[in-house]
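Given next are the chains, with one letter for each unit.
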Amino acid sequence: IIPITIIFILLINHTESKAMQKIKGYIVNNSNALKDNIIFGMNQNQMLTLLFINILLIFLTIIRYIYIKNKSELGIAENVAKNTNDAVIITDRYNNITYVNESYEKITGYSKEEVMGHTPGNFKSGKHKKEFYKDMWKSINKKGYFRSELWDKRKDGVLYPKDLSIYKINNKLDKKDFKYIGIFTDLTDIKRDQEFIDKLKDYNIDTDLPNENLLFKLINNSISKKQEKFFVVYLSIENYNTIVLNSNENLEYNLKIFIRRINTILDDKNFIAHISKSKFVIGLSSFDSKDKVENFMKKLIDVSKLSYFIRDNELYFDIKAGVCNYPDDGKYVNELLVNSNIALDKAIGTKGKYYLYFDESFKEDIQKEQEIKMMLNKAIIYDEFSINYQPQIDSRNNQIVGAEALLRWNTKKYGFISPAIFIPIAEKTGQIVEIGYWVIDRVFNEYMIFKENINENFRICINISPMQFNDENFIKRIKESIIKNNIDTNYFELEITENLLLDDLTKVNKKLKELKDLGFTIAIDDFGTGYSSLSYIKQLHIDKLKIDRAFIKDYPEKDNGEIADIITIMSRTLRLEVIAEGVETKEQVDYLRSKGCHLIQGYFYSKPIPPSDFVKYLKG
Ligand code: C2E
Ligand code: CA
Ligand code: CA
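Fair warning: this is a prediction, and the values are worked out from it, not measured in the lab.

### Observations concerning the site of ligand 1
The local shell around ligand 1 holds 20 residues, among which Gln390, Arg408, Arg549, Glu584 and Tyr603 are the closest. Within the side chain of Asp526, one N or O atom sits 3.5 Å away from an oxygen atom of ligand 1. Here Arg549 contributes a side-chain N or O atom positioned 3.1 Å from a nitrogen atom of ligand 1. For ligand 1, whose accessible area on its own is 790 Å², the fraction buried by protein is 82%. Put simply, the parts of the chain that give the shell around ligand 1 at least two residues each are β14 (399-411), α14 (419-429) and β18 (521-527). Among the elements that make up the shell around ligand 1, the one with the highest residue count is β14 (four residues).

### Focus on the packing of aromatic side chains
Tallying each qualifying case throughout the model produces 29 aromatic pairs. Taking the centre distance of 5.8 Å and the plane angle of 35° together, the rings of Tyr447 and Tyr491 count as tilted. Taken as a pair, Tyr447 in helix α15 (residues 432-450) and Tyr491 in the loop between α17 (474-485) and β17 (492-497) lie far apart in primary sequence, 44 residues in all. An identical accessibility class is assigned to Tyr447 and Tyr491; each is buried. Here the aromatic cluster, defined as three or more aromatic residues joined through ring pairs, consists of Tyr389, Phe450, Phe458, Phe614 and Tyr617. Looking at Lys162, its charged tip hangs above the ring of Phe184, at a distance of 3.6 Å from the centre.

### Here we look at the domain arrangement of the protein
Interfaces are often described in size by the accessible area the parts lose on coming together. If you check the domain split of the protein, you get domain 1 (2-67), domain 2 (85-191), domain 3 (203-359) and domain 4 (389-407 + 430-619). Just the C-alpha atoms count here: the centres of domain 2 and domain 3 sit 52 Å apart.

### What about the sheet that holds strand β8 (residues 279-284)?
Ordered in space as β7-β8-β6-β11-β12, the five strands form an open sheet in which the pairing is mixed. Sheet topology places β7 (271-276) and β12 (355-357) at the edges, where each strand pairs with a single neighbour. Taken pair by pair, the neighbouring strands of this sheet meet at an average axis angle of 20°, ignoring direction. As judged from the eight bridges shared by strand β6 (residues 230-237) and strand β11 (residues 319-326), these two strands associate in the antiparallel manner. The partner of Ser236 across the bridge, within β11, is Lys320. Along the sheet, helix α8 (residues 212-224) makes contact with β6, β7, β8 and β11, crossing β7 at roughly 145°. Each of β6, β8, β11 and β12 is contacted by helix α11 (residues 290-305), which is oriented at about 160° to β11, the strand it contacts most.

### Things to note about the coordination of the calcium ion (ligand 2)
For the calcium ion (ligand 2), the full set of protein donor atoms is Glu404 (OE), Asn463 (OD1), Glu495 (OE) and Asp525 (OD), and the range of their distances to it is 2.2 to 2.4 Å. Between the calcium ion (ligand 2) and the calcium ion (ligand 3), a spacing of 4.0 Å is present, and a bridge between the two is formed by Asp525. Of this pair, Asn463 sits in strand β16 (residues 459-463) while Glu495 sits in strand β17, placing them 32 residues apart in sequence. On the basis of relative accessibility, which here comes to 2%, the residue Glu495 falls in the buried class.

Definitions and limits used
Residues numbered from 1 in each chain as written. Chains lettered and ligands numbered in written order. Predicted model: local features only at pLDDT ≥ 70, side-chain atom pairs only at ≥ 80, totals over all residues. Heavy atoms only, no water. Near = heavy atom within 4 Å. Polar contact = N/O pair within 3.5 Å; in protein donor to acceptor, adjacent residues only side chain to side chain. Areas by Shrake-Rupley, 256 points an atom, 1.4 Å probe, with all protein chains shown as cover. Helix = DSSP H or I, 4+ residues; strand = E, 2+ residues; numbered from the N terminus. Phe/Tyr/Trp six-rings, centres within 6.5 Å; stacked < 30°, edge-to-face > 60°. Buried < 20%, exposed > 50% of the residue type's maximum accessible area, 1.4 Å probe, protein only. Lys NZ or Arg CZ within 6 Å of the ring centre and 35° of its normal. Domains from an automatic or database assignment. Pairing = 2+ DSSP bridges. Axes fitted to C-alpha atoms, helices over the stretch in contact; angles between N-to-C directions. Contact = heavy atoms within 4.5 Å. Donors = N, O, S within 2.8 Å, 3.2 Å for Na, K, Ca; no water.

Listed below in C-alpha cells is the structure:
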C-alpha cells in the first residue's frame, strides 16, 4: 500500500507538472484560498481515487491471505500424508478420489492412476450391510467425522481389516465446497498377531491340540454336567528323544502320526490335549466302568506300539500312562490332573507296566521319595555310603577276572536302602552326579587294598549313570581323582548303559575315546534291554557287552537262553568281550559256557561283598 501510494503521488505530480507549475504560482499568490484542498500536490478527487485504490488493495490482500493459508494447510496435510505408514485418501465433494498417498498404493495394491476419479465405494468388501455405510455417511455429514474398523478388498481380491477415520473438510472460502479425507491403518498383521496370541492361550503350537489351559476348561465342562464317571488318562511318550533323533523328520510329523493313531480310537465324546513336549491328557466321557477303560487302554497301547517307517528307520511310540476318574479319585480338575500324573509317575518307575490306575498309596510313595531325596543330600556328609564288590569269574578256569563295584547305603533311620530304590531317585533329581564322583573316588582309593592280590588282567567295574557321563566336568573330575589316588587306570572298567547311545552319537563316541585314551575299558551294561540299534555298536569305542540278568534268570524253565546266545554270537562277530550277570545256577553257567560266554558274574559265585571280604575272596 505504501509504495503504491508514493508511486501514485509521484505520477500525479509528474503528469500534471505544467498544471502544477501554475498551481504553484497560484499557491504562492493565493496560498490561503487553496491550502485546505491540496495535500501532497493532490486535489480532492485524486485523494478519493487513492483511497479507493488502497481499500481495494487491502481487500485483495485479505483474500490472498485466506487463499494462501488454505493452500498451505493442504500442503502440510499432503506432506504428512506422504510420510506416514497410514493410507491417506482425499475425495472431492462428489466422493471422487483426487489424491492417494504411497501407503494407500502399498496397502490396497492399486496405483494412483487406477483409483483417481473413482469413488472409494468401488473397493468395498461386501462384508458390511448397507446400513453400515448409511450410518457412516450420517456420522460424516452430521459430525464431520467417522471412525470404525471395517473390511475392504485389495486389488488381488483379498479382504483385509482396517481402522478407518474419515474427516469432512469444509472450504473456508466456499461454504458449499468440501472434501473428505480418509486415513486408515491396515490391521491384517495386528489381527493375525492377535489371533495367534489368542490361539496360543488355548492350543499347543506344534499340534494344534488343546493345551493345559483349554484342558482345564474341557475337563471342568465334562465333570460339571456329568453325574457319572469321567476318566482322565495322563500319557507320556517315553522314547520321545529317540524318535526325534532317529526319524530324520521334524517332530510335528511324528506327533501327527501319534495323534492320528490315537484319534482312531477316540469318539467325539472324548478328547486329547497336548500338555508339554511328550505329555498328553485324554479325557474320556464315554465309559462308565474301569473295565471298559481297561479295554480302551489296551487299544491305546496297541496303536502306539505299531511300528512305522521313516526312511528305513523303524519307529514306534513307547508310552506310559496314569489313569484316574471323577468322582472317585478327585472332584476337581486339579485333583484329577495331579492324581493321574502321580499314577503316570508310578507307571514310569514300574518295569513291564504300561499304565497304572491311581491309588492313594502312590501318594505315600511320593512322600517317601521326597524323604529319600532329602536323606540323600546328607548321605555323603554322614558317611552312610559304602561299596560292595561282586566278583567276576572266568568259568573255564575259575579265575577272578574282575569285580563290579556296587553302591550300598546304610541309613540311620531305615537301615539299608537298596540301590534299586535310591539310584532311580538320585537320577531323577540329579544327585547321582555327585554321588557318582564319590563312588569313583572311593573305588580308586579302595583299589589300594586289592592291589597286591590281583593279576594284570583284573578290572574293577564302575557304574556310570548317563547323567554323570553327560556332565561337562566328567573327564576333568575323573582325571583329578586319578591323580589324587595315584591309580593305574588299566585296572578299571566303566559300565555305561545302552540308552546313553541314543544321545548324540558323535559326542558320546568322542567322550568314550577320551576315556579309552585315559586307559579305561568300556562295557555296555544291561545289554539288550534298551532301544539302541545294533547297527552302530560297531562304530563305538567299547570293549565289552554285558548280557542283562533278564536274559538268563529264567533259564531253563521259562527261557531257552536264545537271546543270551545271540548276544554272545554278536559280540564274537564284533570282536567284543562278553560277560553274563545275574547268573545263579550251575546249569546257567554251563549253558553260557557251551555258547561261548565264559565270563560270569552272579550269586552262583558270590553276592556283592564288602571290601575286606573281597580281599579274603581274592586271597582264597
Ligand atoms: P546293575 O548295574 O545291573 O547291577 C547288577 C545288580 O544285580 C546289582 O544289584 C547286583 O547286586 C545284582 N545281582 C548280581 N548278581 C545277581 C544274581 O545272581 N541274582 C540277582 N537276583 N541279582 C544279582 P544292586 O547292587 O542292587 O544294584 C542295582 C542297580 O543299581 C545296579 O544295577 C546299578 O544300575 C545301580 N547301581 C549300583 N551301584 C551303582 C553306582 O555306584 N553307580 C550307579 N550309577 N549305579 C549303581
Ligand atoms: Ca552294572
Ligand atoms: Ca546290569
